[in-house]
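Here's the letter readout for the chains.
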Amino acid sequence: MTDRLERSDGTSRRAVLRTLAGSAAGLLLPAPLFGGQRSVVEPRSVDLELIAAWQPVAVAGQAAQLATYNGQFPGPLLRLREGDHVRLRLINRLRESTNLHLHGLHIPPSVDDPFLMVPPGESVMYEFTLPPGSAGTYWYHPHMHGKVATQLFAGLAGPLIVDGPLDWFTRLRRIADRVVVLKDLSLSGGVPSTHSMFDWMNGKEGDLLLVNGLVAPTLRARRGMLRLRLVNASNARYYNLALEQHHLHLIGTDAGFVGAPVELDSLLLAPGERADVLVRLRDPGSFRLLNLPYNRGGMMMGHGRPTALSLPQAMLTIEADEAGTMALPGRLASVESVVAGVDAPHRRFVLGAAMMGARFYINGRSFDEGRVDVQARRGAVEVWDVENPTAMDHPFHLHVYPFQIAARGGRPEALVAWKDVVNVPARGSVRLTVPLRNFSGRTVYHCHIVEHEDRGMMGQLAVV
Ligand code: C2O
Ligand code: CU
Ligand code: CU
């Protein structure tokens, strides 16, 4: 049986997703929260293949050579379901080692292993099951320490969606969703430009602001409604998004749905972050999704300024033939609010940087594969304080274990939501509630400005 893959731009591409009919008994799903009926969905066995290779790609009217998955930029959309048993083969046809990280998925650290190396010409199988409750918007990219920034900038990243009961049995089913991969790039001589010392310090930003590999594409809204799955797959660029004359209605964060739609004037997406938003157009017409100025600061070395945006830039245009009349969902999921006990382990992570040699630190230490920085107990709910005394924002990311934001800058966070990346503003701090559930093993936390990660702003967590 073959499933077609729909690209984010609507065209379908060479199928890379093969599903085998589920043989086990149907998976009983919980009753939907609104509309629909209790249903049974067959678990599937899904075989996927990603081939990392340099390929010719047309970008912004230029012929370029990019590092791609299956010849596509961004990589193909992997559309999966809760309960799926996935066998994903990564084939490395690059000239250097790589590996794959399934950013945000709650799967064993031994599978989503950032320490694995796949040499050129070799392949490796990632095999895992998507847990119930994991419906959401994710992505994948290489995670070889020291090589993440150059491989990601060269093109290696793609979106991954997990569908679940809310997508199937509520009115969300009637709203078309589009994946919006925000990924900047700059080319020099038809290949991705190389990193300067300034780029290593500040994170590399490209001058081409691309959406699904295109410059300012147009998306059509059917019946005046659209669901956007926004993925910031850029090395270092922040996007501060707003839709002309409209609000955005946030229905999901990094790792799942929120309790009810949240109306937003603008939405800041740091590198690695995702957001699931509904758009309901008031009138027929064309409306631009703008990238508003946002100053994330910088380590400021040499000339230039990161995010040198002074005017809003149009990322894409939404075109609607009719006004949206369908009501937005009232309630979505019931999101557990995780609370740490009074005796919960309490940890502090202080981010740091040295201009000399562009080195980055957490608690004064650069990443060392041979050193475990945090030893934790499986099942514990921990409190993590992440402090950023530097002059620029850093997006803090933890693998495998989604967390909740308890406070930002000392102020309690109102929204109960699952996250795996949180922006820690310059001279600011965040407090996280981190449940280390279900899996033991060794994994990492790091700054998702991947230049900083490659240059040491990463630590190791061992859950035992
Ligand atoms: Cu998206 Cu450790 O990464
Ligand atoms: Cu990750
Ligand atoms: Cu950083």
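Residues numbered from 1 in each chain as written. Chains lettered and ligands numbered in written order. Predicted model: local features only at pLDDT ≥ 70, side-chain atom pairs only at ≥ 80, totals over all residues. Heavy atoms only, no water.

## Describing the overall build of the protein
Part 1 of the reasoning: When helices and strands are tallied, the protein shows four helices and 38 strands.
Part 2 of the reasoning: A sequence separation of at least 24 residues applies to 77% of the contacts in the protein between residues at least 6 apart.
Part 3 of the reasoning: Element-wise, carbon and sulfur atoms account for 51% of the exposed surface of the protein, whose accessible area totals about 17,900 Å². (Helix = DSSP H or I, 4+ residues; strand = E, 2+ residues; numbered from the N terminus. Contact = heavy atoms within 4.5 Å. Areas by Shrake-Rupley, 256 points an atom, 1.4 Å probe, with all protein chains shown as cover.)

## Comments concerning the coordination of the copper ion (ligand 3)
Part 1 of the reasoning: At the metal site, the copper ion (ligand 3) is ligated by His-394 (ND1), Cys-447 (SG) and His-452 (ND1), and these contacts range over 2.0 to 2.1 Å.
Part 2 of the reasoning: As a motif over one chain, the donors of the copper ion (ligand 3) read H-x52-C-x4-H. With a gap of 53 residues between them, His-394 in strand S32 (residues 394-398) and Cys-447 in strand S37 (residues 441-447) connect regions that are remote in the sequence. (Donors = N, O, S within 2.8 Å, 3.2 Å for Na, K, Ca; no water.)

## With respect to the pattern of salt bridges
Opposite charge on two side chains lets them pair, provided their charged atoms get close.
Part 1 of the reasoning: Enumeration according to the criterion identifies 29 salt bridges in this entry.
Part 2 of the reasoning: Between Arg-44 and Asp-84 there is a salt bridge, with its nearest N and O atoms 2.7 Å apart. Separated by 40 residues along the polypeptide, Arg-44 in the loop between strand S5 (40-41) and strand S6 (45-59) and Asp-84 in the loop between strand S8 (78-81) and strand S9 (85-92) bring together distant segments of the chain. For the pair shown, Arg-44 and Asp-84 are each scored as buried. (Salt bridge = Lys/Arg side-chain N within 4 Å of Asp/Glu carboxyl O. Buried < 20%, exposed > 50% of the residue type's maximum accessible area, 1.4 Å probe, protein only.)

## Some details on the packing of aromatic side chains
Part 1 of the reasoning: In the structure shown here, the tally under the stated rule is ten aromatic pairs.
Part 2 of the reasoning: Between Phe-349 and Trp-384 the ring centres are 4.6 Å apart and the planes differ by 45 degrees, which places this aromatic pair in the tilted class. One end of the pair, Phe-349, is in strand S28 (residues 346-354); the other, Trp-384, is in strand S31 (residues 381-388), with 35 residues separating them in the sequence.
Part 3 of the reasoning: Owing to a relative accessible area of 1%, Phe-349 belongs among the buried residues under this scheme.
Part 4 of the reasoning: Looking at Trp-384, the relative accessible area reads 0%, which means it is buried.
Part 5 of the reasoning: Between the aromatic rings of Trp-384 and Phe-396, the centroid separation amounts to 6.4 Å while the plane-to-plane angle is 75 degrees, which identifies the pairing as edge-to-face. Taken together, the positions of Trp-384 in strand S31 and Phe-396 in strand S32 put the pair twelve residues apart, joining distant regions of the chain. Accessibility assignment for this pair places Trp-384 and Phe-396 in one class, buried.
Part 6 of the reasoning: Ring pairs connect the aromatic residues Phe-349, Trp-384, Phe-396 and Tyr-445, which therefore count as one cluster.
Part 7 of the reasoning: In this arrangement the basic side chain of Lys-204 is found over the ring face of Phe-153, its NZ or CZ atom lying 4.9 Å from the centre. (Phe/Tyr/Trp six-rings, centres within 6.5 Å; stacked < 30°, edge-to-face > 60°. Lys NZ or Arg CZ within 6 Å of the ring centre and 35° of its normal.)

## Remarks on the pairing of strand S29 (residues 359-362)
Part 1 of the reasoning: Side chains Phe-360 and Ile-362 project from S29 onto a buried face, and the interleaved Arg-359 and Tyr-361 project onto a face without burial.
Part 2 of the reasoning: If you look at the hairpin formed by S28 and S29, you'll find four residues sitting between the two strands, and Gly-357 has a positive phi there, around 75 degrees. (Pairing = 2+ DSSP bridges.)

## With respect to the sheet that holds strand S21 (residues 239-243)
Part 1 of the reasoning: Pairing in this open sheet of five strands is mixed, and the strands run S19-S27-S26-S21-S24 from one edge to the other. Each edge of the open sheet is held by one strand with a lone partner, namely strand S19 (218-221) and strand S24 (267-269). Each strand axis lies, on average, 25 degrees off the axis of its neighbour in the sheet, ignoring direction.
Part 2 of the reasoning: In the sheet, S21 pairs with strand S26 (residues 285-291) via three bridges, with the strands oriented antiparallel. Bridging across to S26, Leu-243 finds its partner in Leu-289. (Axes fitted to C-alpha atoms, helices over the stretch in contact; angles between N-to-C directions.)

## Observations concerning the coordination of the copper ion (ligand 2)
Part 1 of the reasoning: Around the copper ion (ligand 2), the donor atoms from the protein are His-101 (NE2) and His-397 (NE2), and they sit 1.9 Å away. Here His-101, found in strand S10 (residues 101-103), pairs with His-397, found in strand S32; they are 296 residues apart in sequence, far enough to count as distant.

## Concerning the sheet that holds strand S17 (residues 208-211)
Part 1 of the reasoning: In spatial order, the strands read S18-S17-S14-S20-S25-S22-S23; together these seven strands make up an open sheet with mixed pairing. The sheet terminates laterally at strand S18 (214-215) and strand S23 (256-264), the two strands that pair on one side only.
Part 2 of the reasoning: As judged from the two bridges shared by S17 and S18, these two strands associate in the antiparallel manner. Directly across from Val-211, in S18, lies its bridge partner Leu-214.

## Digging into the side chain of Asn-423
Part 1 of the reasoning: Inspection of the secondary structure puts Asn-423 in strand S35 (residues 421-424).
Part 2 of the reasoning: Within the local environment of Asn-423, its side chain forms a polar contact with the side chain of Asp-393, the two groups lying 3.0 Å apart. (Polar contact = N/O pair within 3.5 Å; in protein donor to acceptor, adjacent residues only side chain to side chain.)

## Some details on the environment of Thr-317
Part 1 of the reasoning: Residue placement: Thr-317 occurs in strand S27 (residues 313-320).
Part 2 of the reasoning: The contact partners of Thr-317, leaving out residues within four places of it in the chain, are Pro-217, Thr-218, Leu-219, Ser-286, Phe-287 and Arg-288.

## Comments concerning a positive patch on the surface
Part 1 of the reasoning: Together, Arg-173, Arg-174, Arg-222 and Arg-223 line one region of the surface with positive charge.
Part 2 of the reasoning: Mapped onto the elements, Arg-173 comes out in the loop between helix H2 (165-169) and strand S14 (177-185).
Part 3 of the reasoning: What makes Arg-173 exposed here is its relative accessible area of 55%. (Patch = residues over 30% accessible without salt bridge, like charges linked within 9 Å, V, L, I, M, F, W, Y side chains within 5 Å. Lys, Arg positive; Asp, Glu negative; His and termini not counted. Charge placed at Lys NZ, Arg CZ, Asp CG, Glu CD.)

## Looking at the side chain of Glu-273
Part 1 of the reasoning: Along the chain, Glu-273 turns up in the loop between S24 and strand S25 (274-280).
Part 2 of the reasoning: Take Glu-273: its relative accessible area is 8%, and that puts it in the buried class.
Part 3 of the reasoning: In terms of polar contacts, Glu-273 uses its side chain to reach the backbone amide nitrogen of Ala-270, at 2.7 Å.
Part 4 of the reasoning: Setting aside its immediate chain neighbours within four residues, Glu-273 contacts Leu-230, Val-231, Asn-232, Asp-254, Leu-268, Lys-419 and Val-421.

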